[in-house]
Amino acid sequence: MERELQLDDIQGNILAGFNTDFQELVGLTVSQTRDFLLAAKWLAAQADALTVVSEIRAQRSAMRSLQPNTGATWLSIAISHRLLKVTQPDVLIRDDAFNGGMLKRAPSVLGDMTDPSNWHVGSSSNPLDVLLIIAANDEKAVVRRATSLIESASATGLVKTYRETAKRLNDREHFGFLDGISQPKVKGIDRDGTLGAGHFVFGYPRQVGEDPFRPVIDPRNVTDNGSLLVFRRLKQDVRLFRKACSDEATRIAPLWPGITSDHLSALIVGRWPSGAPIKASETEDPGGVPPQNDFDFQNDPDAHSCPFGAHIRKVNPRNGQKDVVEIPRILRRGIPFGPPFDLAPDVEDRGLAFLAFQTSIRSQFEFISGNWMNSRINPGPGNDLLVGRPAGIPTMTVAGPNGPIGISAPSTQWVIPTGGGYLFAPSRSGLAKFGDPPSPLGFWKAKQVFAEISDTLKSLVSK
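Everything quoted here is computed from the prediction, not taken from an experiment.

Student: What am I meant to see in the packing of aromatic side chains here?
Tutor: Think of a pair of aromatic rings as described by two things: how far the centres are apart, and how the planes are tilted against each other in angle. Under the criterion given, the structure shown has 8 aromatic pairs. With centroids separated by 5.8 Å and ring planes inclined at 35°, the aromatic side chains of Phe-18 and Trp-74 adopt a geometry described as tilted. In this pair, Phe-18 is assigned in the loop between helix H1 (12–15) and strand S1 (22–30) and Trp-74 in strand S2 (residues 74–80), connecting sequence segments 56 residues apart. For Trp-74, a relative accessible area of 1% translates into the label buried. Taking the centre distance of 5.7 Å and the plane angle of 40° together, the rings of Phe-354 and Phe-365 count as tilted. In this pair, Phe-354 sits in strand S10 (residues 351–358) while Phe-365 sits in helix H11 (residues 365–373), placing the two residues 11 residues apart along the sequence.

Student: I would appreciate a short explanation of the side chain of Asp-384 in the present structure.
Tutor: One can find Asp-384 in the loop between H11 and strand S11 (395–400). The side chain of Asp-384 sits in the buried core without any salt bridge; Lys-314 is the nearest counter-charge, 7.6 Å away. A polar contact is formed between the side chain of Asp-384 and the backbone nitrogen of Val-387, at a distance of 3.4 Å. Setting aside residues up to four positions removed in sequence, Asp-384 forms contacts with Gly-309, His-311, Lys-314 and Met-373.

Student: It is not clear to me how unusual backbone geometry should be interpreted in this structure. Could you clarify?
Tutor: Excluding glycine, residues mostly have negative phi values, and the peptide bonds linking residues are mostly trans. Here the bond from Asn-378 into Pro-379 is cis, since omega is -10°, no more than 30 degrees from zero. Among the secondary structure elements, Pro-379 is positioned in the loop between H11 and S11. In this model, Asn-19 sits at a positive phi of 55°, which is unusual for a non-glycine residue. Structurally, Asn-19 is set in the loop between H1 and S1. With a phi close to 65°, Asn-225 is a non-glycine residue in the positive phi region. You can see Asn-225 is positioned in the loop between strand S6 (216–217) and strand S7 (227–236). Since its relative accessible area comes to 1%, Asn-225 is described here as buried.

Student: Looking at this model, I keep getting lost on the environment of Asn-374. Mind explaining?
Tutor: Its place among the elements puts Asn-374 in the loop between H11 and S11. Residues Asn-374 and Leu-423, spaced 49 residues apart in sequence, show a C-alpha to C-alpha distance of 23 Å.

Student: Would you mind going over the pairing of S7 with me for this structure?
Tutor: The two faces of the sheet receive side chains in turn, since in a regular strand these alternate between them. When you tally the buried positions in S7, you get 9 out of 10 residues, the bulk of the element. Of the pairings in the sheet, the one linking S7 to strand S13 (residues 415–425) comprises 9 bridges and is antiparallel in character. Note on S13: the bridge partner recorded for Lys-235 is Ile-416. Pairing analysis gives 8 bridges linking S7 to S10, with the strands arranged antiparallel. Considered in S10, the bridge of Arg-233 is made with Ala-353.

Criteria and thresholds
- Residues numbered from 1 in each chain as written.
- Predicted model: local features only at pLDDT ≥ 70, side-chain atom pairs only at ≥ 80, totals over all residues.
- Heavy atoms only, no water.
- Phe/Tyr/Trp six-rings, centres within 6.5 Å; stacked < 30°, edge-to-face > 60°.
- Helix = DSSP H or I, 4+ residues; strand = E, 2+ residues; numbered from the N terminus.
- Buried < 20%, exposed > 50% of the residue type's maximum accessible area, 1.4 Å probe, protein only.
- Lys, Arg positive; Asp, Glu negative; His and termini not counted.
- Salt bridge = Lys/Arg side-chain N within 4 Å of Asp/Glu carboxyl O.
- Polar contact = N/O pair within 3.5 Å; in protein donor to acceptor, adjacent residues only side chain to side chain.
- Contact = heavy atoms within 4.5 Å.
- Pairing = 2+ DSSP bridges.

What follows is the structure, given as structure tokens:
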């Protein structure tokens, strides 16, 4: 008999998603070594305020209500490997991506070319030790709550090194496309859920009949009901994206009479701005409410409708051509930041606060990023022009009316990483244990040393 999901303990943003109009993101850094334990005690004191899945389910209607807002907010907390290792030495999460950190792996694994010393958040000079996400449909409420938490944290030596208000744009991202359509359906959460919760929360099976997925050495169960969070602050250059699509549409017009920049951008994404999937017979956005998501690529084996390099096909080939048996999935909880381009074209800093939960950063997020989005050949031929980071000029092939047509993106990227981090999102009970002393030195230490050696050797062999 499978373990029932502990919805009174799991952070709400993981399995339910905040989905509020406003979210305040706050980054905190432990500035002095002596302050780590004080920071851990402060975190433990926030455990009861952490919003869990059951609370979101109970409060969702009230949060969406058009009645005057009561000032209620939701809270999510995630913690760096650095802080976890120093304050909870008996806890080891066996994920080399989490343990290595985004700062170290961004250039090699993710293909990032930006200078981490200039990151807005999580830079080498200001490590991201704690990420707070405060959510509500009332902007003033999230700002007040964030300010209060920052003041409380500062008394323990946690220094605010990042703060940003993110805002929903009618569920679209800054390039104008409906976002967050295709989410995994989780067994025990969604009505038609099939994916095991172990893909996203520690301590549950990934597949029916499997043991709970718990890649940890953790004698006090600090990691139970927790998850790993990837946070990427991605700046979007809307002007460059539009110009590049317009220029490329003009270039290929002799091969594809009537092609528009809007049609070309939809081919790059794999969907129209409304969320409708691309079809070979359509040259304009057909709209559709709700957007269709019940489709796969079995009936499009030659990519006549959706290009192999289209973003949605690169990150989720569904039942089409792929190079793995099991498709990695992540729970995306991102939200845009910055004003819409058409309302404030002179503002340059806008984009997406990408947030995604999983139980293995290496085999889920990093696999999708490094093995698929950045690949010219997997899971199908062609580059992901939207967010891929291959060596050289990214190119992909689209099926024109008279045959295949090659298109490319400029060498200057229109999605630019400007910070982030790999973090651990503990459960309410797990966060409360941050104030407890670690287990007495014992067998767990030997297991940790053996596991770290073993994982290092596996990592070296896989390179």
